[in-house]
Number of protein chains: 2
Amino acid sequence: MGKLLVQKFGGTSLVDTKRLEAAADIIVKTISEGNSVAVVLSAMGVETDRLIDLAKAIHPEPNLREYDALVSTGEQISVALMAMALSKRNLKAKSYTAYQLGIQTNKRHGRARILDVKVEKLKKQIKKGVIPVITGFQGMNDEGDITTLGRGGSDTTGVAIAVALGADECQIFTDVDGVFTTDPRICSKARLLNQVSFEEMLELSSAGAKVLQLRAVEYARKNKMPIRVLSSFSESPGTLVEEIEEMERPVVSGISSLDNEAKLTIRGVPDLPGVAAKILSPISDSGIEVDVIVQNIGAENTTDFTFTVDQKDASSAEEILKNTSKSLGGGSIEMDDDIAKVSIVGRGMRGQSGIASKMFQVLADNEINILMITTSEIKISVVIQKDLMKKAVNALHDAFQLDKSLKA
Amino acid sequence: MGKLLVQKFGGTSLVDTKRLEAAADIIVKTISEGNSVAVVLSAMGVETDRLIDLAKAIHPEPNLREYDALVSTGEQISVALMAMALSKRNLKAKSYTAYQLGIQTNKRHGRARILDVKVEKLKKQIKKGVIPVITGFQGMNDEGDITTLGRGGSDTTGVAIAVALGADECQIFTDVDGVFTTDPRICSKARLLNQVSFEEMLELSSAGAKVLQLRAVEYARKNKMPIRVLSSFSESPGTLVEEIEEMERPVVSGISSLDNEAKLTIRGVPDLPGVAAKILSPISDSGIEVDVIVQNIGAENTTDFTFTVDQKDASSAEEILKNTSKSLGGGSIEMDDDIAKVSIVGRGMRGQSGIASKMFQVLADNEINILMITTSEIKISVVIQKDLMKKAVNALHDAFQLDKSLKA
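Throughout what follows, the structure given in this document is the object of discussion. (Residues numbered from 1 in each chain as written. Chains lettered and ligands numbered in written order. Predicted model: local features only at pLDDT ≥ 70, side-chain atom pairs only at ≥ 80, totals over all residues.)

**A look at the interface of chain A and chain B**
Inference 1: With 27 residues of chain A at the contact, the number on the chain B side is 27 residues.
Inference 2: Of all the secondary structure elements, the ones that give two or more residues to the side of chain A that touches chain B are helix H1 (17-32), helix H2 (47-58), helix H3 (64-71), helix H4 (73-88) and helix H5 (98-101) of chain A.
Inference 3: When residues of the side of chain A that touches chain B are assigned to their parent elements, the largest contribution, 10 residues, is made by H4 of chain A.
Inference 4: Along the lines of polarity and charge, the residues of the side of chain A that touches chain B split into 15 nonpolar, nine polar and three charged. (Contact = placed C-beta atoms within 7 Å. Helix = DSSP H or I, 4+ residues; strand = E, 2+ residues; numbered from the N terminus. Nonpolar A, V, L, I, M, F, W, Y, C, P; charged D, E, K, R; others polar.)

**Thoughts on the nonpolar core**
It is characteristic of soluble globular proteins that their nonpolar side chains tend to be buried jointly.
Inference 1: Of all hydrophobic cores here, the largest spans 237 residues; its most connected members are Leu-81 and Met-82 of chain A together with Leu-81 and Met-82 of chain B.
Inference 2: In contact with Leu-81 of chain B, not counting residues within four places along its chain, are Leu-54, Ala-55, Ile-58 and Leu-70 of chain A together with Thr-17 and Leu-20 of chain B. (Core = buried A, V, L, I, M, F, W, Y, C linked by C-beta atoms within 7 Å. Buried ≥ 20, exposed ≤ 12 C-beta atoms within 10 Å, placed from the backbone.)

**Regarding the relation of the copies chain A and chain B**
Inference 1: Superposition record for chain A on chain B: RMSD 0.2 Å, screw rotation 179°, translation along axis 0.0 Å. As the rotation angle and translation indicate, the two copies are arranged about a two-fold axis. Among all residues of chain A, the minimum C-alpha distance to the rotation axis is found for Thr-73 of chain A, at 2.7 Å.
Inference 2: A share of 100% of interface residues in chain A that are also interface residues in chain B marks the association as one of identical surfaces. (Least-squares fit on C-alpha atoms with pLDDT ≥ 70 in both.)

**A few points about the environment of Val-179 of chain B**
Residue and element names in this part refer to chain B.
Inference 1: Mapped onto the secondary structure, Val-179 falls in the loop between strand E9 (169-174) and strand E10 (195-197).
Inference 2: On the neighbour-count criterion, Val-179 (25 C-beta atoms within 10 Å) is buried.
Inference 3: Apart from residues no more than four positions distant in its own chain, Val-179 is found in contact with Leu-193, Val-196, Met-201, Ala-209, Val-211, Val-229 and Thr-239.

**Observations regarding the packing of helix H8 (residues 198-206) of chain A against helix H9 (residues 214-222) of chain A**
Residue and element names in this part refer to chain A.
Inference 1: Relative to each other, H8 and H9 sit at 165°, their axes nearing to 9 Å. Judged by the inter-axis angle, H8 sits roughly antiparallel to H9. Crossing handedness for the pair H8 and H9: left-handed. Contacts from Phe-198, Met-201, Leu-202, Ser-205 and Ser-206 in H8 reach Leu-214, Val-217, Glu-218, Ala-220 and Arg-221 in H9.
Inference 2: In the contact of H8 with H9, the residues fall into six nonpolar, two polar and two charged. (Axes fitted to C-alpha atoms, helices over the stretch in contact; angles between N-to-C directions. Parallel < 35°, antiparallel > 145°, perpendicular 65-115°, else oblique. Left-handed = near helix turned anticlockwise from the far one by under 90°.)

Below is the structure:
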């Protein structure tokens, strides 16, 4: 019995017309196996960068409404070419912009959120045997302006279309074989995961695994839409990201690592209620995202407050902190961008004791000093010195036996 | 008192971001003189060709619906960048696709005709001091598909927007100073015309003057919308194309020439009613446009039938003619692409006798043999040998004293 699938192809799978035709062949194969397909596409390879360069040539900080109108042409090119490639393969196909479909978003240009997807048109086309080919990454707001969802937003479009259509699965094609226990470039023993739960994927994504956009995973989890991460360059079965409720759970499923953050510390802030908000509000008000946050008691009723931000935001954040420190009567500001974050993630951690201490012991045995620790229900993250990242990932991968499958 | 103007910039005026910013400066100047402006843009320089190359890489004859969806991105890029450039100049501006405005066309992809332009949105924006920047060349059909108007269609969009807004003038910016008595590259004495009537412009356009798209002039004439042809590269006042009803009319206003046609002749066709239709219908059914048509009586109740088509269509037309000749019991087919068409155009010709014989005499004096003749109310065209085109244009330009202005 055929399935209804959404197949989303990213920019690396569409880097030129040859790769685009290879993606068309994957769609043909899926159809020939008796399935129905709706296709969602990103812009081709560096097309978005080309458009951004054009904008920057005119204005260093272009108007966001116009920026969205500009970059949304990238996906429009992809979908028209794909519809041509499919009709060359004797399939009926029609391209649709988010505008034509009425993918409604909020007003926030550049980082809009999808509010509503109208699928009557799509359902009608699929019923007639037509493959709809849909622009990812974009939508329209209630004033009829074009919006974009931000980088990686095409994943979210894929999931949103899949949910609205009631598809069986949303397949996300990329240039990697799927989700690995850790980054294969850092650890040669990294193993492809057959499946991973939504919450693990969420923690892995937020901890540095770049394979899926965080918001897309959230959307899929909320709507229980299975995502399969696949490579358009290989025949690998990929990784199924889904709701998992099995008995035997791996304690640690994966390790993610991230080395593009900087650590900022403000020392000797008076330890009063609301101090965290006073420190962090000016940072987030200026559009800087904060990742790990740690607060420690300092000397004499003061507190030391440390957090990490993306390296590109480090110097702005440092300036803001200096002002905050003045107004709060705090002490010195320290900035360190020579750091890395390593996280272990596993749905089996829940209710298991001793995982954290095992992690810390492994790091101690390898003479890796921990600078910050933060934990969630199914994740433990440590911030360490950047040049020790590879050593830490490999040691933890061995210690938690991630090279061995549970069922093996 | 400020005017309401539509300013349309073509691809050569937008060849890169520098030229696009120069066009923005022209708009700023127009606004600073107290006028209101709506802007219509073509795609930047070779952008449309880039898109066509992408399509051809996938399919030699791409699906027309998808082709339109693809190439319409070219103007979308222009308008977003222009809105950025205008806001950099402290003007309020908003880009609009034909889709967002609801520029309704018929279904004919690649060569659609505008049926309706909704301007409430535009009027509201102009009233608020916002400059609307609109994609030329495109529209949407009643199924919500993107359509394009064919090459040069941005002129038509400009005129259609001007008419719908009730603008005072539609200004078409290009890379030439305006409309000349003849092509300055062929005749060094060619003179810029201050004004020219709609019907002269129509005849000049259809006879080879490439400065304005024929359909745009037709649309403007029908709606009495003055068009000013201007250069975005100079300060030239340009040429005003408008309804002219003066007493003293130049007998000949301009000379146009064309050397990209081929002449096809079918000989000895039985001279029966309907034979012209039988010969030409299969030609136009296959999408080939026929220009000059001449039918002559041949020997013994047969007729010789000659017409011209674009050179790129010549061999297809020849094939079709061979079949037609077989079924009609006609004779041989001749094809000649070594020809040129030279036309003299003038609203003063109407009711004046002797113009044609003067033209033929000038050509005879210069030993230029005439292969075909066709006339309309304000135009006389001759088809001659290609290598005599320049000689003919210069001789006629002298004979009709086109280097001298009427009022001089």
